[in-house]
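The chain contents come next:
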Amino acid sequence: MAFVVAATWKAKPGEAERVTEVIRKMTPLSRAEPGNVFYQAQVNPEDPETFFLYEQYADAQAYEDHKATPHFQENVFGYVLEYLAERSVKTYETIDA
């Protein structure tokens with residue numbers, strides 16, 4: 001069963017490129033984490049300041065471990081939040097079929 005994270009980031013006006021840079025830096029680092037199953041960011045083609053991050057982790061603890069990594073602390077909490085107008089994070093658990 002995967003633990004799913006759906007995050008939406010809305011960049012402040014003029015800050016989309018900074019947000020994109022962070023996403024490009026975070027993607028390979030996050031994918032390399034032991035508990036990561038899937039990590040992919042998207043940008044809204046009709047609103048290029050809106051980003052959607054879809055992530056899957058082995059379990060909720062793996063997501064907590066992700067948030068505790070130095071690259072998350074530095075790039076998300078320590079940098080990109082300053083350039084976001086909005087940030088929404090929702091979590092889900094996969095339904096076993």
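Everything that follows concerns the structure shown earlier in this document.
Residues numbered from 1 in each chain as written. Predicted model: local features only at pLDDT ≥ 70, side-chain atom pairs only at ≥ 80, totals over all residues. Heavy atoms only, no water.

**Student:** Is there a simple way to think about the overall build of the chain in this case?
**Tutor:** Counting its secondary structure elements, the chain contains 3 helices and 4 strands. Element order for the chain, N to C, with α for helix and β for strand: β-α-β-β-α-α-β. Over its C-alpha trace the chain gives a radius of gyration of 13 Å, about what one expects of a compact globule, namely 13 Å for 97 residues. Dimensions of the chain along its principal axes, counting C-alpha atoms only, are 40 × 30 × 20 Å. (Helix = DSSP H or I, 4+ residues; strand = E, 2+ residues; numbered from the N terminus. Rg over C-alpha atoms; globule rule 2.2 N^0.38 Å.)

**Student:** How do you make sense of the pairing of strand β3 (residues 47–57) when you look at a structure like this?
**Tutor:** Regular strands place side chains that alternate from one sheet face to the opposite one. As judged from the 8 bridges shared by strand β1 (residues 3–11) and β3, these two strands associate in the antiparallel manner. Residue pairing across strands places Thr-8 opposite Phe-52, the latter belonging to β3. Bridging between strand β2 (residues 36–44) and β3 involves 8 bridges; their strand directions are antiparallel. Its bridge partner lying in β3, Tyr-39 is registered against Glu-55. Between the end of β2 and the start of β3, which pair antiparallel, lie 2 residues. (Pairing = 2+ DSSP bridges.)

**Student:** Looking at this model, I keep getting lost on helix α1 (residues 16–31). Mind explaining?
**Tutor:** Helical periodicity: at 3.6 residues per turn, an α-helix aligns residues three or four positions apart in one direction. Over its 16 residues, α1 runs 22 Å from end to end, which matches the ideal 22 Å to within 8%, given 1.5 Å per residue. All of the buried residues in α1 are Ala-16, Val-19, Thr-20, Val-22, Ile-23, Met-26, Thr-27 and Ser-30. Those residues of α1 that are buried lie in contact with β1, β2, β3, α2 (60–68), α3 (70–77) and β4 (84–93). (Expected span 1.5 Å × (residues − 1). Buried < 20%, exposed > 50% of the residue type's maximum accessible area, 1.4 Å probe, protein only. Contact = heavy atoms within 4.5 Å.)

**Student:** Looking at this structure, I do not really get the environment of Pro-28. What am I missing?
**Tutor:** Position of Pro-28 relative to the elements: it lies in helix α1. Taking the C-alpha atoms as reference points, Pro-28 and Ala-58, separated by 30 residues in sequence, lie 17 Å from one another.

**Student:** What is the right way to read the pairing of β1 from this model?
**Tutor:** A large share of β1 lies buried, amounting to 7 of its 9 residues. For β1 and β4, the ladder comprises 9 bridges, and the chain directions are antiparallel. Opposite Lys-10, over in β4, you have Glu-86 as the bridge partner.

**Student:** Looking at this model, I keep getting lost on the sheet that holds β2. Mind explaining?
**Tutor:** Strands in a sheet are paired, the pairing made by backbone hydrogen bonds, and the direction either parallel or antiparallel. Spatially, β2-β3-β1-β4 is the arrangement adopted by the 4 strands of the open sheet, whose pairing is antiparallel. Pairing within the sheet leaves two strands with one partner each, and these edge strands are β2 and β4. For this sheet, the mean angle separating the axes of adjacent strands, direction not counted, is 15 degrees. Most of the contacts of α1 go to β2, to which it runs at about 165 degrees, and overall it touches β1, β2, β3 and β4. (Axes fitted to C-alpha atoms, helices over the stretch in contact; angles between N-to-C directions.)

**Student:** I'm lost on empty space enclosed by the protein in this one. Help?
**Tutor:** A probe as big as a water molecule, rolled over the atoms, marks out the empty space that is left. One pass over the full model with this rule turns up 1 cavity of 30 Å³ or more. Volume-wise, the largest cavity comes out at about 90 Å³. Taken together, 13 residues line the largest cavity, and the ones lying closest to its centre are Ala-7, Trp-9, Glu-55, Phe-72 and Arg-87. When residues of the lining of the largest cavity are traced back to their parent elements, those giving at least two are β1, β3, α2, α3 and β4. At 3 residues, β1 tops the list of elements feeding residues into the lining of the largest cavity. Of the residues assigned to the lining of the largest cavity, the class counts are 10 nonpolar, 1 polar and 2 charged. (1 Å grid on protein atoms, 1.4 Å probe; cavity = no way out; pocket = protein on both sides within 12 Å on 5 of 7 lines; lining within 4 Å. Points joined across faces, edges and corners; volume = space filled by probe spheres on them. Nonpolar A, V, L, I, M, F, W, Y, C, P; charged D, E, K, R; others polar.)

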